[in-house]
Each structure stands twice: as structure tokens, then as C-alpha cells.
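Observations on the model geometry
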Amino acid sequence: MRHTRLRTTARFLIAAAAAAALSLTGLAASPASASPLDIPPNGANDWSCKPDSAHPEPVVLVNGTFKLMAENWAALSPKLKEAGYCVFAFNYGHMETDPIPQAAAELRDFVEAVRGATGAAKVDIVGHSQGGMMPRYYVKFLGGADKVNDLVGIVPSNHGTKNPLAIPAGYTFCPSCLDQRWDSDFMKKLNAGDETPTGPDYTVITTRHDEVVIPYTSALLTGPSEHLTNVVLQDKCPLDPFMHDQATKDPVVAQWVLNALGRKGGPADPDFQPHCFG
């Protein structure tokens, strides 16, 4: 356990240093940037793609903190494209370190660009970590409730984290890390009242092995079962080893995402049994 925590700390500090350097040099990614950092994952950002009747909502992928879209969605984006979806991804908020309300405004603008290009009335959103939580701010406060069909959060920081590394990062270069602290003012605002506002269907996918969002149950939401499914990977696949950082590359997670997006008029089927690996 001690070695796991040390590895986690090292990954966090390396990612943090990279994000700080990118911010200082002006190379941090943004949707309008021509930087090589904005290379999309395979399968994403074909702006000529038009949704078909079987997949009427384009899918917008939203990164986690310190992530670039090409790496974050390297496994899931091509799977979604192969399944028949129009897929879109973007980098935002200076490696996702900007205050989360600002990031949510960037998401709002990107969704409008996707809707305009595809002609779709709504999009589906699949997000990792901060990217699974932040769209809830867009839905609740920035007019996204009638523009999102499904919101699927992969290890989302829905109620923040008790990870102590969020504090030093937040007070130096990562305002979004402060926003994602357990019981922060941002979290109090986001989760006050209805956690799953009417509009989208919500699917939360988390792992008992999450070493970043602590406790892992922070990811889980409350709401009516007809519009919300909470998934703990090990409830259906007890030996699933995936932790927080690489959760988007878990083939079991991919099955849950496809189930959620493919189910009409509801979130992922809580009775769904994915094929387990290992």
C-alpha cells in the first residue's frame, strides 16, 4: 500500500510539473490551438461526420485533470467510432487546471460547435475524473440540461477528493484542484439540491481501487433510478484491477459506456453483466 501511494504521488507530481511548465510557456492546449498537443485520439474530430438514426447523438469526450485528449481517449475513442458514433474531443483549461466554472464554459462552447457541425439537437458526454464531474456544472448552471442526452462519468470527482495532494497543487498552479477538494465551496454549490438535474440520464462508473478520488464513493450520485445508474466495477467483475488514471482504457469500462449510450430512454442498465477479464 505504501509503495502504491508513493507511485501515485510521483505520477501526480510529474503531471503537475508538466502542466505548470506548459502553462508558463504558453503551450497548454485549447480547442482553438494549433499545437501538436491538440492531436485528437483516433476516431475523433471528423467534423464532416453526421449522426445516423441508430446513433443520433454525437459523443463529446471530456478529459481529466492534467490529461491530453490523445492519451486520455486512446482506447475508448476508436471503440466508439467503430460502434457507429460521431466522436469529438478537445483539450481545455490549460491542462484542465483552470477554475472549473471556466472549464464548463469551454465545454458549453465546444458542445455548440459539435451541435452546429452535426445538426444534432443533443450530445452524449463521456468524461474522465474532472471531465466526468465538470459537465454537471454545465448542465446545472450553463444551460446544458436540454443539450445533453447521456452523461457518463468515469471515476468522476463528483463530491471531490480527500487526497491531500489537491491542496498544494491548488494553491500553486491548479485552481481546479482546489475546486475538487472534498467539501470545497465549489463542491457545495455543485451538489446543493438536486445532484442529477432533469435533462440527461446519468451513469457513474467507478472503481474500488481509485487512488486519486478518495474515497471512491465520492464518485457516486444520488437521484431517481430511472435517470441514474451508479456502477462500481468490482461489483460485477471482482478482479478488475483498474485504478483511476487508466480507467478509460479498461475494456470493462468500455462495455459499460457502450451500454449507457446504446440504451434508449435511460442510463446504463444496472443489471448489465459485462465480460470480465483477468
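Structure report, in brief. Please read these numbers as outputs of a predicted model, since none were measured by experiment. (Residues numbered from 1 in each chain as written. Predicted model: local features only at pLDDT ≥ 70, side-chain atom pairs only at ≥ 80, totals over all residues. Heavy atoms only, no water.)

This paragraph deals with unusual backbone geometry. Across the junction of I214 and P215, the peptide omega takes the value -5°, indicating a cis bond. Mapped onto the elements of the fold, P215 is located in the loop between β5 (201-206) and β6 (228-232). Phi at F66 is positive, roughly 70°, even though this residue is not glycine. Unusually for a residue other than glycine, E96 sits at a positive phi of about 60°. Structurally, E96 can be placed in helix α4 (residues 93-96). (Helix = DSSP H or I, 4+ residues; strand = E, 2+ residues; numbered from the N terminus.)

Looking now at the pairing of β6. Burial runs high along β6: 4 of the 5 residues are buried. Bridging between β5 and β6 involves 5 bridges; their strand directions are parallel. Bridge pairing in β6 places Y202 opposite L228. (Buried < 20%, exposed > 50% of the residue type's maximum accessible area, 1.4 Å probe, protein only. Pairing = 2+ DSSP bridges.)

By size, the foremost hydrophobic cluster in this structure holds 31 residues, and its most contacted members are V60, V62, L107, I125 and M134. Elements supplying a minimum of two residues to this core: β1 (59-62), β2 (87-90), α5 (100-118), β3 (123-128), α6 (130-141), β4 (148-154), α9 (185-191) and β5. Top contributing element to this core by residue count: α5, with 7 residues. In terms of nonpolar packing, the next biggest core, distinct from the first, is built from 27 residues, V87, I154, V253 and A260 among them. (Core = buried A, V, L, I, M, F, W, Y, C linked by side-chain atoms within 4.5 Å.)

The residue G223 is located in the loop between β5 and β6 in this model. Remark: the alpha-carbon pair of G223 and T196, spanning 27 residues in sequence, is separated by 5.8 Å. The contacts of G223, once residues within four sequence positions are left out, are T196 and L228. (Contact = heavy atoms within 4.5 Å.)

Now for the state of the cysteines. Scanning the model with the defined rule gives 3 disulfides in all. Here C237 is linked by a disulfide to C276, with a sulfur-sulfur distance of 2.0 Å. Classification of the bridge connecting C237 and C276 rests on its S-S torsion, roughly -80°, and on that basis the disulfide is left-handed. Taken as a pair, C237 in the loop between α10 (233-236) and α11 (251-262) and C276 in the segment after α11 lie far apart in primary sequence, 39 residues in all. Regarding the disulfides, the chain carries the connectivity 1-2, 3-4, 5-6 under sequence-order numbering of its bonded cysteines. (Disulfide = S-S within 2.5 Å.)

A few words now on the packing of α5 against α6. Packing of α5 against α6 leaves a shortest axis separation of 9 Å and a crossing angle of 80°. Judged by the angle between their axes, α5 and α6 are roughly perpendicular. Contact with α5, carried on its side by I100, P101, A103, A104, L107, R108, V111 and E112, involves Q130, M133, M134, P135, Y137 and Y138 of α6 and no other residues of that element. Looking at the contact of α5 with α6 residue by residue, the class counts come to 11 nonpolar, 1 polar and 2 charged. (Axes fitted to C-alpha atoms, helices over the stretch in contact; angles between N-to-C directions. Parallel < 35°, antiparallel > 145°, perpendicular 65-115°, else oblique. Nonpolar A, V, L, I, M, F, W, Y, C, P; charged D, E, K, R; others polar.)

A few words now on the sheet that holds β3. Pairing in this open sheet of 6 strands is parallel, and the strands run β2-β1-β3-β4-β5-β6 from one edge to the other. Strands at the two margins of the open sheet, each flanked by one partner only, are β2 and β6. On average, each strand axis in the sheet is tilted by 15° relative to the strand beside it, whichever way the strands run. Here 4 bridges tie β1 to β2, and the two strands are oriented parallel to one another. If you follow V60 over to β2, its bridge partner there is F88. Across the sheet, α6 lies against β1, β3, β4 and β5, angled at about 135° from β3, the strand it touches most. Lying on the sheet, α11 is in contact with β1, β3, β4, β5 and β6; it crosses β4 at an angle near 165°.

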